[in-house]
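Geometric and topological summary
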Amino acid sequence: MFAKPFRVKSNTVIKGSDRRKLKADISAAFPSLSADELSELVPNKQELNVVKIYAHKGDAVTLYVLHKNPLFFEVERRLYPTVYALWHYPALLPAFRTWPPVLQKLIGGADLMLPGVVVPSSGLPHVKQGDCCAVTVVNSRAPVAVGTAAASSAEMQSLGMKGRGVSYSDFTEIMDALLLQCFLHALKSKVKKSELPLLTSTFLRNHMFSCCPSGKQLDIKKSSYKKLSKFLQTMEQQHNLVRVKELTKGVESIVEVDWKNPELRSFNVPETDVEAASVQDGDGDGDESPYHPPEITTLYSVSARLEPLFVDANKRKGTILQPAEVRIVISTLGRMQECYQVVFPGQVPTTKKGHIEPIDISVASRGSNKKVTIVKNLEVYGLDPAVVATALQHRVQASTVLQPVPGAKDKVLVQIQGNQILQVGNLLLDHYQIPRKYIQGLDKAPKVGKKK
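What you see is a predicted model, and the numbers here were worked out from it, not measured in a lab.

**Focus on the packing of helix H7 (residues 200-208) against helix H8 (residues 228-237)**
With their axes 10 Å apart at the nearest point, H7 and H8 run at an angle of 90° to one another. The orientation of H7 with respect to H8, classified from their angle, is roughly perpendicular. Contact residues: Thr200, Ser201, Leu204 and Met208 in H7; Leu228, Phe231 and Leu232 in H8. Of the residues that constitute the contact of H7 with H8, the class distribution is five nonpolar, two polar and no charged.

Set out below in structure tokens:
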């Protein structure tokens, strides 16, 4: 990733506390290093510089430099040794051997392919996919490159030593590959034809995220695409996998999937991620995975006005606290800034300031004597408006439409004929198990008269 131009953001001498933390991080990442070896790599009294750079595609990288030689670099909170460090300690990482002519390809930025790996009589080094590893050339122990294993040792052998062995791709390109994997996985095993058209935001949230391998996190902003719309545009124009259309202004949907596309048909779904299809909506059509309501917690943020009250507790402005934590310091919450946390199963918790928007149910008049029920803010709770609309349509046998919410990007409201507040409430409370306090408008349901 350093073969191409990069930009230096800062170059500073490391502080004592940061030096101790670096030594602890290196020791944890590479436990085979002895205390003496660690002190030699990160000496206590020699000048060590921290250089922060941006790689050519924008990746933020931190370098630790001793005597003008970079010894370690850090990307996404993971430490990697450089070849300079490995020259002193070549056994620090498992190493793959290759032939000298292959070295020129590696210098040009190519990955080490398995046909170019020289397998010793003792067999391949033991690695798991994603493990940091080194590359050496025949007749030399000095590492010439550092990368990550593209597959485990067992997988490399099962593939007949064909395909990619060690990757030197930029981390942005690794995220691109993960995006494509989750995209193909979602199309092949999650999306059903009956779901189309499918909101692109719903496709990402409910399908692609669930296809992300354990231990990895899907983040479009860390890819070269930066935005979901750009990624899907590439999948449409260059891969011919899907067709995306703006059915309503400002809201894109996947309207067609080419199930016969060779790239999609040849994709193998990881065995550990294969799951049985189950029902999400209230009518059991078998096309959706089960919906699990999010766990929502009210939190409080220390405001600038109240920061002095929390100084002794080492809580600064912006610190997020549980109500119980606040009560230890102060008996009132009225002047603090309220926040909330939303936790969806299998996803990273998200915390936002302010009050969470409730699901809003209202009745509006259309024409002289017609009424419609409008449901908003379903997306806040991870509910697909299209799925909810279908479930309501089946329940009340009335037509439904989806419309963009005025002034709100990527939000859609559900409109259904008649005053259906009671049915909407039953669906949200009983089937989706949304707590009543997060639903607004249930009191407007028509009163059911008593039978005589």
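Next comes the rest of the account.
**Remarks on the pattern of salt bridges**
Side chains that differ in charge, positive against negative, can pair when their charged atoms come close. For the coordinates displayed, the defined rule picks out four salt bridges. Between Lys21 and Asp25 there is a salt bridge, with the nearest N and O atoms lying 2.9 Å from each other. Separated by four residues within a single helix, Lys21 and Asp25 lie in helix H1 (residues 16-29), roughly one turn from each other. Classification of Lys21 by relative accessible area gives exposed; the value is 53%. For Asp25, a relative accessible area of 30% gives the class partly exposed.

**Some words on the environment of Ser253**
With respect to the helices and strands, the residue Ser253 is situated in strand E14 (residues 251-257). Ser253 sits 50 residues away from Phe203 along the chain, and the two C-alpha atoms are 8.8 Å apart. Each residue touching Ser253, except ones within four places of it in the same chain, is listed here: Pro197, Leu198, Leu199, Thr200, Arg243, Val244, Lys245 and Leu247.

**What to know about helix H12 (residues 385-396)**
The end-to-end C-alpha distance of H12 is 16 Å, a good match for the 16 Å that twelve residues give at a rise of 1.5 Å each. For H12, every residue scored as buried is listed here: Pro385, Val387, Val388, Ala389, Ala391, Leu392 and Val396. Considering only its buried residues, H12 is in contact with strand E12 (198-199), strand E21 (400-404), strand E22 (412-417) and helix H13 (421-431). Phi turns positive one or two residues past the end of H12, at Gln397, with a value near 55°.

**So, the environment of Ser301**
Tracing the sequence through the fold places Ser301 in strand E15 (residues 295-301). According to the relative accessible area criterion, Ser301 is buried, its value standing at 1%. Linking Ser301 and Glu338, residues 37 residues apart in sequence, is a C-alpha distance of 6.2 Å.

**Looking at the state of the cysteines**
Counted under the stated rule, the structure contains zero disulfides. Note on Cys182: no disulfide assigned, nearest cysteine sulfur contributed by Cys212 at a separation of 4.6 Å. The exposure class of Cys182 is buried, given its relative accessible area of 0%. With no disulfide of its own, Cys211 lies closest to Cys182 among cysteine sulfurs, the gap being 6.3 Å. Look at Cys211 and you get buried, because its relative accessible area is 0%.

**So, the packing of H12 against H13**
In helix packing, the relevant descriptors are the interaxial angle and the interaxial distance, both defined with respect to the helix axes. It is at 10 Å that the axes of H12 and H13 come closest, and there the two elements cross at 120°. Overall, the two elements H12 and H13 adopt an arrangement that is oblique. H13 is crossed by H12, and the crossing has right-handed handedness. Contacts from Val388, Ala391, Leu392, Arg395 and Val396 of H12 reach H13 at Gln423, Val424, Asn426, Leu427 and His431. By residue class, the composition of the contact of H12 with H13 is six nonpolar, three polar and one charged.

**Description of H1**
Between the first and last C-alpha of H1 there are 20 Å, a value that for 14 residues agrees with the 20 Å anticipated at 1.5 Å per step. Within the sequence span of H1, burial applies to Arg19, Leu22, Lys23 and Ile26. Buried residues of H1, seen end-on, are gathered within an arc of 100° and therefore sit on one face of the element. Exposed residues on H1 whose side chains face more than 90 degrees from its buried face are Arg20, Lys21 and Ala28. Where H1 is buried, its residues meet helix H2 (35-41), strand E2 (48-54), strand E3 (60-66), strand E4 (69-75) and strand E5 (78-81).

**A few points about the nonpolar core**
Counting residues in hydrophobic clusters, the biggest one holds 32 residues, and the most contacted among them are Leu22, Ile26, Leu33, Leu41 and Phe72. For this core, the secondary structure elements donating two or more residues are H1, H2, E2, E3, E4, E5, helix H3 (83-88) and strand E9 (132-137). A total of five residues in this core trace back to one element, the largest contributor, which is E3. In contact with Phe72, not counting residues within four places along its chain, are Ile26, Phe30, Leu41, Thr62, Leu63, Tyr64, Leu79, Tyr80, Pro81 and Thr82. The next biggest cluster of nonpolar side chains, apart from the first, holds 31 residues, and it includes Val342, Ile359, Leu378 and Leu427.

Rules of the game
Once a new chain begins, its residue numbering starts again from 1 and follows that chain's sequence as written. Where totals are concerned, whole chains, interfaces and linings use all residues; where local detail is concerned, this predicted model gives features only for residues with pLDDT of at least 70, and gives and counts side-chain atom pairs only at 80 or more. Values shown for side chains rest on all heavy atoms present in the structure; no hydrogens or waters enter the calculation. Fitted lines through C-alpha atoms serve as axes, helices being fitted only where they are in contact, and the angles separating the N-to-C directions of these axes extend from 0 to 180 degrees. Under the scheme used here, helices are H or I runs from DSSP no shorter than 4 residues and strands are E runs no shorter than 2 residues, and both carry numbers assigned from the N terminus. Relative orientations are named as follows: roughly parallel for angles under 35 degrees, roughly antiparallel for angles over 145 degrees, roughly perpendicular for angles from 65 to 115 degrees, and oblique for any other angle. Contacts are assigned to residue pairs with any non-hydrogen atoms lying within 4.5 Å of each other. Ten residue types, Ala, Val, Leu, Ile, Met, Phe, Trp, Tyr, Cys and Pro, are classed as nonpolar, four, Asp, Glu, Lys and Arg, as charged, and the remainder, Gly among them, as polar. By convention in these notes, a salt bridge is any Lys or Arg side-chain nitrogen within 4 Å of a carboxyl oxygen on Asp or Glu. Three exposure classes are used, based on accessible area relative to the maximum for each residue type with a 1.4 Å probe and protein chains only: buried under 20%, partly exposed in between, and exposed over 50%. Each residue after the first adds 1.5 Å to the expected span of a helix. Throughout, disulfides are identified as pairs of cysteine sulfur atoms within 2.5 Å of each other. What makes a crossing left-handed is the near helix being turned counterclockwise from the far one by less than a right angle; a clockwise turn instead makes it right-handed. Taking the helix axis as origin, the arc is that swept by the directions to the C-beta atoms. We call a set of buried Ala, Val, Leu, Ile, Met, Phe, Trp, Tyr and Cys residues a nonpolar core when their side-chain atoms join them within 4.5 Å.

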